[in-house]
Amino acid sequence: MYLFSSLVRMFRVWRKYNESLRELSRLGDRELADIGIMRADIQQIAWDAARAD
């Protein structure tokens, strides 16, 4: 049972990561700068957001 719940959690984290990555990647450089994000930081920010839950 623990293995199944771990797999479900990993899937949810991965899905949230992809969603965040997609949304941030759509923004232009100026929009990213307005919210204090550099394009090179998008992957790390998406991972941090996904694991925050």
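Summary of the structure given here. (Residues numbered from 1 in each chain as written. Predicted model: local features only at pLDDT ≥ 70, side-chain atom pairs only at ≥ 80, totals over all residues. Heavy atoms only, no water.)

Bringing a nonpolar patch on the surface into the picture now. Residues Leu3, Leu7 and Met10 make up a contiguous nonpolar surface patch of roughly 340 Å² in combined accessible area. Of note, Leu3 is situated in helix α1 (residues 2-26). Taking relative accessible area as the criterion, Leu3 reaches 61% and is therefore assigned exposed. (Patch = residues over 30% accessible without salt bridge, like charges linked within 9 Å, V, L, I, M, F, W, Y side chains within 5 Å. Areas by Shrake-Rupley, 256 points an atom, 1.4 Å probe, with all protein chains shown as cover. Salt bridge = Lys/Arg side-chain N within 4 Å of Asp/Glu carboxyl O. Helix = DSSP H or I, 4+ residues; strand = E, 2+ residues; numbered from the N terminus. Buried < 20%, exposed > 50% of the residue type's maximum accessible area, 1.4 Å probe, protein only.)

Taken as a whole and assessed by the stated rule, the structure comprises three aromatic pairs. Seen in terms of ring centroids, Trp14 and Tyr17 are 5.4 Å apart; in terms of plane orientation they differ by 35°. Their pairing is tilted. With Trp14 and Tyr17 both in helix α1 and three residues apart, the pair spans about one turn of that helix. Measuring from ring centre to ring centre gives 5.7 Å for Trp14 and Trp47, while their planes differ by 50°; the resulting arrangement is tilted. With a gap of 33 residues between them, Trp14 in helix α1 and Trp47 in helix α3 (residues 42-51) connect regions that are remote in the sequence. Following the ring pairs from residue to residue traces out a cluster consisting of Trp14, Tyr17 and Trp47. (Phe/Tyr/Trp six-rings, centres within 6.5 Å; stacked < 30°, edge-to-face > 60°.)

Mapped onto the elements, Ser20 comes out in helix α1. According to the relative accessible area criterion, Ser20 is buried, its value standing at 16%. Aside from chain neighbours lying at most four places away, what touches Ser20 is Ala46 and Ala49. (Contact = heavy atoms within 4.5 Å.)

Before going further, it helps to spend a moment on α3. All buried positions along α3 are accounted for by Ile42, Ala46 and Ala50. Down the axis of α3, the sector holding all buried residues measures 65°, keeping them to one side. Where α3 is buried, its residues meet α1 and α2 (29-34). (Arc of directions from axis to C-beta.)

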